[in-house]
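# Structure at a glance
Given next are the chains, with one letter for each unit.
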Protein chains: 2
Amino acid sequence: MHTAHGDIETPIFMPVGTKATVKALDTNDLEKIGAQIILGNTYHLHLRPGEDLIDTFGGLHTFMNWNKPILTDSGGFQVFSLGDVRNTKNTKLRNIGDANTEKHAHQSMVAIDEDGVTFRSYIDGSEHRFTPEEAIRIQHKIGADIIMAFDECTPDTASLRYAKEAMERTHRWAARCIDEHKKDSHHHGYEQFLFGIIQGGNHSVLRIESATAITGMDFDGIAIGGESIGYNMEATKEILNTLLPLLPEDKPRYTMGVGFSPMDLFEVVERGIDMFDCVAPTRMARNGNVYVHKHISEKYRIDITNAKYREDKTPIDHDCLCYTCTHHSRAYLHHLFRENEILAQRLATIHNLHFFLSLMTDIREAIKHDRFLALKQEWM
Amino acid sequence: MHTAHGDIETPIFMPVGTKATVKALDTNDLEKIGAQIILGNTYHLHLRPGEDLIDTFGGLHTFMNWNKPILTDSGGFQVFSLGDVRNTKNTKLRNIGDANTEKHAHQSMVAIDEDGVTFRSYIDGSEHRFTPEEAIRIQHKIGADIIMAFDECTPDTASLRYAKEAMERTHRWAARCIDEHKKDSHHHGYEQFLFGIIQGGNHSVLRIESATAITGMDFDGIAIGGESIGYNMEATKEILNTLLPLLPEDKPRYTMGVGFSPMDLFEVVERGIDMFDCVAPTRMARNGNVYVHKHISEKYRIDITNAKYREDKTPIDHDCLCYTCTHHSRAYLHHLFRENEILAQRLATIHNLHFFLSLMTDIREAIKHDRFLALKQEWM
C-alpha cells in the first residue's frame with residue numbers, strides 16, 4: 001500500500017497507539033522494532049488533546065513525531081463500548097435483549113438516532129456528539145493516512161432484528177462518510193484514504209448483506225468489524241470464510257481487533273486479510289505476559305512475573321533478536337516487574353511488538369516463496 | 001578516576017538507579033545521555049532481588065547490563081530513614097529530642113547496638129540485620145566499583161550528645177568496614193574501592209572531628225553524609241567550607257545527595273567536590289518538573305503539566321540537545337502527562353538527566369580553561 005507517509009508491506013500487524021503514543025514506547029523504539037504503520041483513536045484524541053490542537057500541528061504525525069503511516073479508528077467502537085456502563089476493561093461490548101431494550105440500555109450513556117450518537121466522555125462525563133460527518137471532519141484534522149467510516153458495532157449477542165437495524169444505519173452512515181470525505185480528503189495537503197466497515201454480528205445473512213453494501217461503495221479499503229473479530233477466533237474464522245468470496249481483490253482488507261496470539265495472525269492471513277491490529281501484545285506486555293515460541297510454551301507466552309523466572313539467566317526467547325532479548329535476562333525482567341519499575345513495561349512491550357512484527361516479516365517472506373502453509377505448520 | 005569498568009571524568013553528577021534501574025530508562029538511554037557512573041542501593045538490592053542472586057550473575061553490571069562504573073550506597077541512610085515511621089517520601093530522616101529519646105524512637109522499627117542495626121523491611125516487615133561487616137559483604141557480592149562504609153546518618157535536629165554518640169559509632173564501624181573489605185576487595189576478580197563517610201550533623205566541632213577520623217583511615221575516597229547535605233544547601237555550603245581545609249588532595253570527594261537544582265552543582269564543585277548524586281532530577285521528571293535555563297524560569301524548572309503548555313509547540317528548552325527536546329514539543333509532553341502515559345516519565349527523565357550531565361560537561365570544560373567562575377556567573 002502506498003501512502004503519503006511511505007509504503008506499507010502487507011500483510012501487516014499494526015501496533016495500537018490510542019492516545020498518540022504506543023504505550024511505554026517512543027517513536028524511535030517503533031522504528032527500531034520495524035513498525036510500518038500505527039493506530040490512533042479518534043474517540044480518545046477528540047476528548048484529549050482535541051483534534052483542533054492536533055490540526056494546528058499539521059496533524060498527528062507531527063504532534064507525536066511519527067513520520068510513517070497512521071490509521072485512525074473512527075471512534076464508533078469506543079463510543080459504544082466505553083459508553084456502556086456494563087463494559088469492563090478486558091471484554092468487548094456486551095449486551096443482551098431485544099432491539100428496544102438494547103437501544104434503551106445504550107441510551108443510559110449513549111443515545112443513538114438516525115443522525116448520529118450523543119455520548120458522555122469516560123473522563124469527565126461531559127456530553128459529546130458524533131455524526132458520520134463529524135467523525136470524518138475530526139479524522140481529517142487528525143490527519144491519519146487511513147481513516148475509518150463511523151459505524152455502530154453491535155454486540156455478538158444482539159438479536160437478528162437489532163443487529164440488522166444497526167447494520168442498515170451503519171450503511172447509511174457509510175454513504176454519508178464518503179460524501180463528507182470527498183469535501184476535504186486532502187485536509188493537510190496529502191491524501192487520506194477512507195475505509196468502510198462491514199458489520200452484521202455473527203449472523204451470516206447480515207454479514208453477506210453488509211459485505212455487498214460496503215464493497216459496493218467508493219471506499220479505498222474494506223474493514224471487518226464486530227465484537228467477535230479477534231476476540232473470538234472461531235467466530236472470526238467463520239465470518240471470514242463467509243466473506244472471503246465477496247471481497248474485492250483490489251482493495252486492502254482489514255480485520256479490526258485481531259492479534260491476541262501468534263497463531264491468530266496465520267488464521268487471518270490465510271483468509272486473505274492484509275491488515276490487523278490489537279491491543280493484546282502491548283497490554284499483555286505491561287502485565288508481564290511475553291510471547292515465546294511454542295517449544296517454550298504451548299500458549300505461546302509466559303508470565304515473567306512467575307517465581308520460576310527469578311533466577312533465570314536466559315532471555316525471554318533465545319530465537320528473538322529484539323533489544324530486550326539481546327540485552328536482558330528473564331531474571332532481570334522478573335525483578336523489574338516485581339519492583340513495579342517502569343522499565344519492565346517498556347522492555348516487555350518492545351519484545352512483544354518485535355515478536356509480532358518479526359513474525360509478520362517471516363509470513364510475508366513465506367508468501368513470496370509460496371511456503372506460507374509450511375511456515376504455519378512449523379508454528380503449530 | 002580509573003575503575004575496572006572505565007574511567008570517570010570529575011566532577012560528575014551520578015544518576016540514581018536504586019533498584020538496578022534508573023527509573024524509566026534503559027542502559028542504552030543512559031549511554032546516550034552520557035552517564036559515566038550510576039548508583040545502586042545496598043538496602044533495596046539486599047531486600048530484592050537479593051545480593052546472592054546478583055552474585056550468581058557476576059555482579060550488578062551483568063545483572064542490569066550496564067558495563068560502566070557503578071557506586072553502591074551502603075544502605076545506612078535507608079535503614080534509618082525508611083525504618084523511621086515518621087519519615088515521608090519528600091524529606092530526609094526527621095527526629096527530635098535528646099539522645100535517649102532519639103535512640104528509643106529509632107528502636108520502634110530500627111534497633112541500633114554497637115555491633116550493628118536490626119531493622120524491618122519496608123516491603124513486608126521482615127526482620128533484617130546489617131553490621132558493618134555484613135554491609136561490606138553484601139556490597140562485595142553486588143560488585144559496584146565504588147562501595148560505601150556503613151554509617152549512621154543522624155537527623156539535623158539531633159542534639160550534640162546524640163550526634164556525637166552516633167558519629168563515634170560510625171567511626172568504629174568505618175574501621176570494621178576497612179578490615180572486612182581487605183578480606184575480599186576483588187570478589188568478582190576486579191578491584192572495588194571503599195569510601196568512608198564523614199558525619200557529625202550540623203555541629204562544626206563534630207564535622208571537624210569526623211573529618212579527622214575518616215581521612216586518617218585507609219579509604220579510597222571521602223564522602224560527606226548527613227541529612228542536610230544537598231537537602232539544605234546553605235547548611236551544605238557551611239559544612240563544606242568547614243571541611244575543605246581538612247580533606248586530602250589525593251582522594252575523590254563525594255557529597256551524598258546533592259543535585260536538586262543546577263546551581264547546587266556549581267556550589268559543591270566550587271568547594272572542591274568531585275562526585276555527587278541526587279534522586280531529584282529523576283523524581284521531579286516523573287512529576288513533570290523539567291529543568292530549563294534561567295532566562296526561561298527563575299527556578300530553573302517548569303511544570304510541564306501546567307495548562308499554559310497545552311498548545312506550546314516549542315521544546316522544553318531550545319538550548320537543550322537531548323532526545324526529548326530535539327524530537328518533541330512541550331504540548332506533546334503536556335498531553336502525555338495529562339494522560340498518565342508512561343512515555344511522559346521516560347521523556348522527562350531523559351531531559352532532566354541530559355540537562356545535568358551536559359551542564360557537568362560544560363563545568364569540566366570551564367575548569368580546564370580556568371573559567372569556572374565565569375560559567376557560574378552566566379548561569380546565575
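From a predicted model like this one, the values you see are computed outputs, not experimental measurements.

Rules and cut-offs
Residues numbered from 1 in each chain as written. Chains lettered and ligands numbered in written order. Predicted model: local features only at pLDDT ≥ 70, side-chain atom pairs only at ≥ 80, totals over all residues. Helix = DSSP H or I, 4+ residues; strand = E, 2+ residues; numbered from the N terminus. Rg over C-alpha atoms; globule rule 2.2 N^0.38 Å. Buried ≥ 20, exposed ≤ 12 C-beta atoms within 10 Å, placed from the backbone. Contact = placed C-beta atoms within 7 Å. Pairing = 2+ DSSP bridges. Least-squares fit on C-alpha atoms with pLDDT ≥ 70 in both. Axes fitted to C-alpha atoms, helices over the stretch in contact; angles between N-to-C directions. Nonpolar A, V, L, I, M, F, W, Y, C, P; charged D, E, K, R; others polar. Domains from an automatic or database assignment. Expected span 1.5 Å × (residues − 1). Arc of directions from axis to C-beta. Core = buried A, V, L, I, M, F, W, Y, C linked by C-beta atoms within 7 Å. Left-handed = near helix turned anticlockwise from the far one by under 90°.

So, about the overall build of chain A. Secondary structure summary: chain A contains 16 helices and 15 strands in total. Taken against the 2.2 N^0.38 rule, which gives 21 Å for 380 residues, the C-alpha radius of gyration of chain A at 20 Å falls within 12% of a compact globule. Along the first, second and third principal axes, the C-alpha atoms of chain A reach 60 × 45 × 40 Å. Buried positions account for 53% of the 380 residues belonging to chain A. In chain A, the proportion of contacts linking residues at least 24 apart, taken out of those at least 6 apart, comes to 68%.

Okay, the pairing of strand β5 (residues 70-73) of chain B next. Side chains on a regular strand alternate between the two faces of the sheet. All names here are of chain B. Neither face of β5 is open: one carries Ile70 and Thr72, the other Leu71 and Asp73, and all of them are buried. Pairing analysis gives four bridges linking strand β4 (residues 38-41) to β5, with the strands arranged parallel. If you follow Leu39 over to β5, its bridge partner there is Leu71. Relative to strand β9 (residues 146-148), β5 runs parallel, the two being bridged by two bridges. Following the sheet pairing, Leu71 is matched in β9 by Ile146.

Here the focus is the relation of the copies chain B and chain A. Mapping chain B onto chain A calls for a screw motion: a turn of 180° about the axis and a shift of 0.0 Å along it, with 0.0 Å RMSD after fitting. Here the symmetry operator amounts to a two-fold rotation axis. Residue Ile342 of chain B, judged by its C-alpha, is the member of chain B lying nearest the rotation axis, at 3.6 Å. A share of 100% of interface residues in chain B that are also interface residues in chain A marks the association as one of identical surfaces.

Quick look at the sheet that holds strand β7 (residues 117-120) of chain A now. Residues and elements named next belong to chain A. One open sheet accounts for three strands, arranged β6-β7-β8; its pairing is antiparallel. Of all the strands in the sheet, the pair left with one neighbour each is β6 (110-112) and β8 (127-130). Each neighbouring strand pair of the sheet contributes to a mean axis angle of 15°, computed without reference to strand direction. As defined by bridge partners, β6 adjoins β7 across three bridges and the pair is classed as antiparallel. Bridging across to β7, Val110 finds its partner in Phe119.

Listed as interface residues are 31 residues of chain B and, on the opposing side, 31 residues of chain A. Mapped onto the side of chain B that touches chain A, the elements with two or more residues apiece are α3 (51-56), α4 (60-64), α14 (330-338) and α15 (342-368) of chain B. For the side of chain B that touches chain A, a count of residues per class yields 14 nonpolar, seven polar and 10 charged.

Residues and elements named next belong to chain A. Taking strand neighbours across the sheet as the criterion, the eight strands line up as β3-β13-β12-β11-β10-β9-β5-β4 in an open arrangement whose pairing is parallel. A strand with exactly one partner marks an edge of an open sheet, and here the two such strands are β3 (12-14) and β4 (38-41). For this sheet, the mean inter-axis angle between neighbouring strands, taken without regard to orientation, is 25°.

Let us now look at the domain arrangement of chain A. Residues and elements named next belong to chain A. Along its sequence, chain A is carved into domain 1 (2-278) and domain 2 (286-379). Here domain 1 and domain 2 have C-alpha centroids that lie 28 Å from each other. Taken residue by residue, the interface counts 21 residues in domain 1 and 18 residues in domain 2. When residues of the side of domain 1 that touches domain 2 are traced back to their parent elements, those giving at least two are β3, α1 (27-33) and α11 (262-270). It is α11 that provides the largest number of residues to the side of domain 1 that touches domain 2, a total of six residues.

Residue and element names in this part refer to chain B. Residues Val117 and Phe119 point to one face of strand β7 (residues 117-120) and are all buried, whereas Thr118 and Arg120, pointing to the other face, are not buried. The hairpin turn running from strand β6 (residues 110-112) into β7, its antiparallel successor, is four residues long. Where β7 meets strand β8 (residues 127-130), four bridges bridge the pair, whose relative direction is antiparallel. The partner of Val117 across the bridge, within β8, is Phe130.

So, on to helix α9 (residues 204-215) of chain A. Residues and elements named next belong to chain A. With 12 residues, α9 extends 16 Å from end C-alpha to end C-alpha; this agrees with the ideal 16 Å at 1.5 Å per step. Within α9, burial applies to Leu206, Arg207, Ser210, Ala211, Ala213 and Ile214. Projected onto a plane normal to the axis of α9, the buried residues spread over an arc of 165° and lie on a single side. Residues of α9 that are exposed and point more than 90 degrees away from the buried face comprise Val205 and Thr212. The inward-facing, buried residues of α9 contact α8 (160-183), β10 (193-198), β11 (221-224) and α10 (233-243).

Our focus in this paragraph is the nonpolar core. Counting residues in hydrophobic clusters, the biggest one holds 206 residues, and the most contacted among them are Phe195 of chain A together with Phe195 of chain B. Excluding its chain neighbours within four sequence positions, the residues that come into contact with Phe195 of chain A are Ile146, Met148, Ala149, Phe219, Asp220, Gly221, Ile222, Ala223 and Tyr254 of chain A.

Here we come to α14 of chain B. α14 of chain B sits mainly inside the fold: eight of its nine residues count as buried. Turning to α14 of chain B, its buried residues are Arg330, Ala331, Tyr332, Leu333, His334, His335, Leu336 and Phe337 of chain B. Where α14 of chain B is buried, its residues contact α3 (51-56) and α4 (60-64) of chain A together with α15 of chain B. Once α14 of chain B finishes, Asn340 of chain B follows within two positions and takes phi at roughly 55°, a positive value.

Moving on, we get to the environment of His171 of chain A. With respect to the helices, strands and loops of the structure, His171 of chain A is situated in helix α8. For the pair His171 of chain A and Ala149 of chain A, spaced 22 residues apart in sequence, the C-alpha separation works out to 9.7 Å.

With that settled, consider the environment of Thr42 of chain A. Residues and elements named next belong to chain A. Following the sequence through the fold, Thr42 ends up in helix α2 (residues 42-47). Owing to 28 C-beta atoms within 10 Å, Thr42 belongs among the buried residues under this scheme. Sequence separation between Thr42 and Thr18 is 24 residues; the distance between their C-alpha atoms is 8.3 Å. Setting aside its immediate chain neighbours within four residues, Thr42 contacts Thr72, Asp73, Ser74, Gly75, Ala135, Ile138, Gln139 and Ile142.

All names here are of chain A. As a packed pair, α11 and helix α15 (residues 342-368) sit with axes 11 Å apart at the nearest point and diverge in direction by 35°. Here α11 and α15 pass one another in a crossing that is right-handed. Here Pro262, Leu265 and Val269 of α11 come into contact with α15, specifically with Leu359, Met360 and Ile363. In the contact of α11 with α15, the residues fall into six nonpolar, no polar and no charged.

Take the environment of Ala331 of chain B next. Along the chain, the position of Ala331 of chain B falls in helix α14. Along the sequence, Ala331 of chain B and Phe195 of chain B sit 136 residues apart, while their C-alpha atoms lie 45 Å from each other. Here Ala331 of chain B is in contact with Leu53 of chain A together with Tyr309, Arg310, Glu311, Asp312 and Lys313 of chain B, once residues within four sequence places are set aside.

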